[in-house]
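Structural overview
Here is what each chain is made of, one letter per residue.
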Amino acid sequence: MRRFLSKMAQPSHGPIASSLLEKVQSQLSPAYINLVNESHKHAGHAGNTRGTAAFDARETHFKLELVSDKFAGLPAVRRHQLVYGLLDEEFKQGLHALSMRLKTPEENQKQ
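As recorded in an unreviewed UniProt entry, the protein chain goes by Bola-like protein-domain-containing protein and comes from Dunaliella salina. Recorded in UniProt under Sequence similarities (unreviewed entry), the annotation for the protein chain is "Belongs to the BolA/IbaG family."

1. Considerations on the side chain of T104
With respect to the helices and strands, T104 occurs in the loop between β3 (97-103) and α5 (105-110). Those residues within four positions of T104 in sequence are excluded, and the remaining contacts are V67, S68, F71, A72 and R79.

2. A few points about the nonpolar core
Ranked by internal contacts, the top residues of the largest apolar core, which has 18 residues, are L20, L35, F62, L64, L66, V83 and L98. Of all the elements in the fold, those that place two or more residues in this core are α1 (15-28), β1 (32-37), β2 (61-67) and β3. Ranked by the residues each element gives to this core, the list is headed by α1, at 6 residues. Apart from residues lying up to four places away in sequence, V83 is in contact with L28, L64, F71, L98, M100 and L102.

3. Things to note about α1
The first and last C-alpha atoms of α1 sit 20 Å apart over 14 residues, in line with the 20 Å expected at 1.5 Å per residue. Along α1, the residues classified as buried are I16, A17, L20, L21, V24 and L28. The buried residues of α1 occupy an angular sector of 125° when projected down its axis, which confines them to one face. Residues of α1 that are exposed and point over 90 degrees away from its buried face: P15 and E22.

4. Remarks on the pattern of salt bridges
A side chain with one charge can pair with a side chain of the opposite charge if their charged atoms come near. Counting across every chain of the model gives 4 salt bridges. The partner of R101 in a salt bridge is E65, and the shortest N-O contact between them spans 3.3 Å. On the criterion of sequence distance, the pair formed by R101 in strand β3 and E65 in strand β2 is long-range, its members being 36 residues apart. Residue D88 is joined to K92 by a salt bridge in which the shortest nitrogen-to-oxygen separation is 3.1 Å. Residue D88 and its partner K92 are located together in helix α4 (residues 88-92), separated by 4 residues, close to a single helical turn. Given a relative accessible area of 39%, D88 falls into the partly exposed group. For K92, a relative accessible area of 61% corresponds to the exposed category.

Rules of the game
- Per chain, residue numbering runs from 1 following the sequence as it is written.
- Local features are withheld for residues below a pLDDT of 70 in this predicted model, meaning they are given only at 70 or higher, and side-chain atom pairs are given and counted only at 80 or more; totals for whole chains, interfaces and linings count all residues.
- Here the side-chain values reflect all heavy atoms present in the structure, with hydrogen atoms and water set aside.
- UniProt positions are given in the numbering used here, feature names are shortened, and annotations may be inferred rather than shown by experiment.
- Note on conventions: DSSP H or I runs of at least 4 residues are helices, E runs of at least 2 residues are strands, and numbering of each starts at the N terminus.
- We call two residues contacting when some pair of their heavy atoms lies within 4.5 Å.
- Throughout, nonpolar core names a set of buried Ala, Val, Leu, Ile, Met, Phe, Trp, Tyr and Cys residues whose side chains join them through atoms within 4.5 Å.
- Burial classification: accessible surface area is computed with a 1.4 Å probe over protein chains only, and a residue below 20% of its type maximum counts as buried, one above 50% as exposed, and the rest as partly exposed.
- Multiplying 1.5 Å by the helix residue count minus one yields the expected span of that helix.
- Directions pointing from the helix axis toward each C-beta atom define the arc.
- When a carboxyl oxygen of Asp or Glu is within 4 Å of a side-chain nitrogen of Lys or Arg, the pair counts as a salt bridge.

Okay, here's the thing in structure tokens:
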């Protein structure tokens with residue numbers, strides 16, 4: 001079962017969230033995905049660099065929950081590196097922080 005942010009949960013996706021979701025979905029084929037924009041919790045701190053695409057769109061901090069077969073056999077650090085590698089351009093555009101909870105379907109079932 002795939003779960004994506006509904007329009008009710010978040011009225012619209014800005015350019016950073018849209019790009020992030022597109023890349024993660026196409027490269028990791030998630031069974032479950034939940035992306036939460038937490039930028040409002042960090043307004044005014046040093047990571048919010050004015051003039052970047054992420055700052056202008058109020059998309060600097062996200063929480064990502066993802067379940068994918070692609071994580072099988074990978075330790076947590078390697079899973080994070082895999083996702084960070086997909087999002088290099090978003091970080092260059094001002095994405096500052098991405099909190100991640102990454103699991104395989106089997107690990108998710110044990111929860």
